[in-house]
Amino acid sequence: MTTNTNTNTQVTTTTPRIDLARTAPKVFRALIGFDAAAREGLDPALVELIQIRASHLNHCAYCLHMHTNDARKAGESEDRLHMVAVWREARHFFTEREQAALALTEAVTLVADGGVPDDVYAQAADRFDEAELAHVLSLILTINTWNRVALATAKAAGTDQRR
């Protein structure tokens, strides 16, 4: 039995869920390709910060565990990892580019709460050139997709089997 809890509901799953990679391999490979293309040319630290923040917002423990571990392996400090969730109160831990990316990540991830505000988009557009911004936005879209895959298929934190 897996229990996933967020601020609004508690969901308990007792039935097995599909393995998307096994049952829809073409779809899964397309997601992997989208993810790889999105991160091209981006600083690996920025990639992980974006993925960590979206995973916080989506309450995706599986992806949060995976990406905090990836960030550590890439040399990210524990201090910064602890501050991602509260980055607005700890801005001095993050560059202006990272802050702009985190704000855009929040707006896109929570898009149903009011869209992507012009000031948030403008801040990101000021910090990234057009190609970089396209990749940042694409990365935000991919991590939101991966979060939904992990949550819909009841992936448990700590069970990442990547090589």
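Up top is the structure these notes are about.
Figured I'd write up the structure that's included with this text. The structure presented is a predicted model; accordingly, all values stated were derived computationally and were not measured. (Residues numbered from 1 in each chain as written. Predicted model: local features only at pLDDT ≥ 70, side-chain atom pairs only at ≥ 80, totals over all residues. Heavy atoms only, no water.)

1. A closer look at helix H4 (residues 61–73)
Since one α-helical turn is 3.6 residues long, residues separated by three or four positions face the same way.
In step 1: Taking 1.5 Å per residue as the helical rise, H4 with its 13 residues ought to reach 18 Å, and the 18 Å between its terminal C-alpha atoms agrees with that figure.
In step 2: Within H4, burial applies to Tyr-62, Cys-63, Met-66, His-67, Thr-68, Asp-70 and Ala-71.
In step 3: At its buried positions, H4 is contacted by helix H3 (44–57), helix H5 (78–83) and helix H8 (130–152). (Helix = DSSP H or I, 4+ residues; strand = E, 2+ residues; numbered from the N terminus. Expected span 1.5 Å × (residues − 1). Buried < 20%, exposed > 50% of the residue type's maximum accessible area, 1.4 Å probe, protein only. Contact = heavy atoms within 4.5 Å.)

2. Brief notes about the packing of aromatic side chains
In step 1: The final tally for this structure, using the stated rule, is 1 aromatic pair.
In step 2: Measuring from ring centre to ring centre gives 5.4 Å for Phe-28 and Trp-146, while their planes differ by 70°; the resulting arrangement is edge-to-face. Here Phe-28, found in helix H2 (residues 25–39), pairs with Trp-146, found in helix H8; they are 118 residues apart in sequence, far enough to count as distant.
In step 3: We classify Trp-146 as buried; its relative accessible area is 17%. (Phe/Tyr/Trp six-rings, centres within 6.5 Å; stacked < 30°, edge-to-face > 60°.)

3. With respect to the packing of helix H6 (residues 96–109) against helix H7 (residues 118–127)
In step 1: Interhelical geometry of H6 versus H7 gives an angle of 145° and a closest axis separation of 9 Å. Every pair of crossing elements has a handedness; the one defined by H6 and H7 is left-handed. Residues Glu-96, Arg-97, Ala-100, Ala-103, Leu-104 and Ala-107 of H6 pack against Val-120, Tyr-121, Gln-123, Ala-124 and Arg-127 of H7.
In step 2: Residue composition of the contact of H6 with H7, by class: 7 nonpolar, 1 polar and 3 charged. (Axes fitted to C-alpha atoms, helices over the stretch in contact; angles between N-to-C directions. Left-handed = near helix turned anticlockwise from the far one by under 90°. Nonpolar A, V, L, I, M, F, W, Y, C, P; charged D, E, K, R; others polar.)

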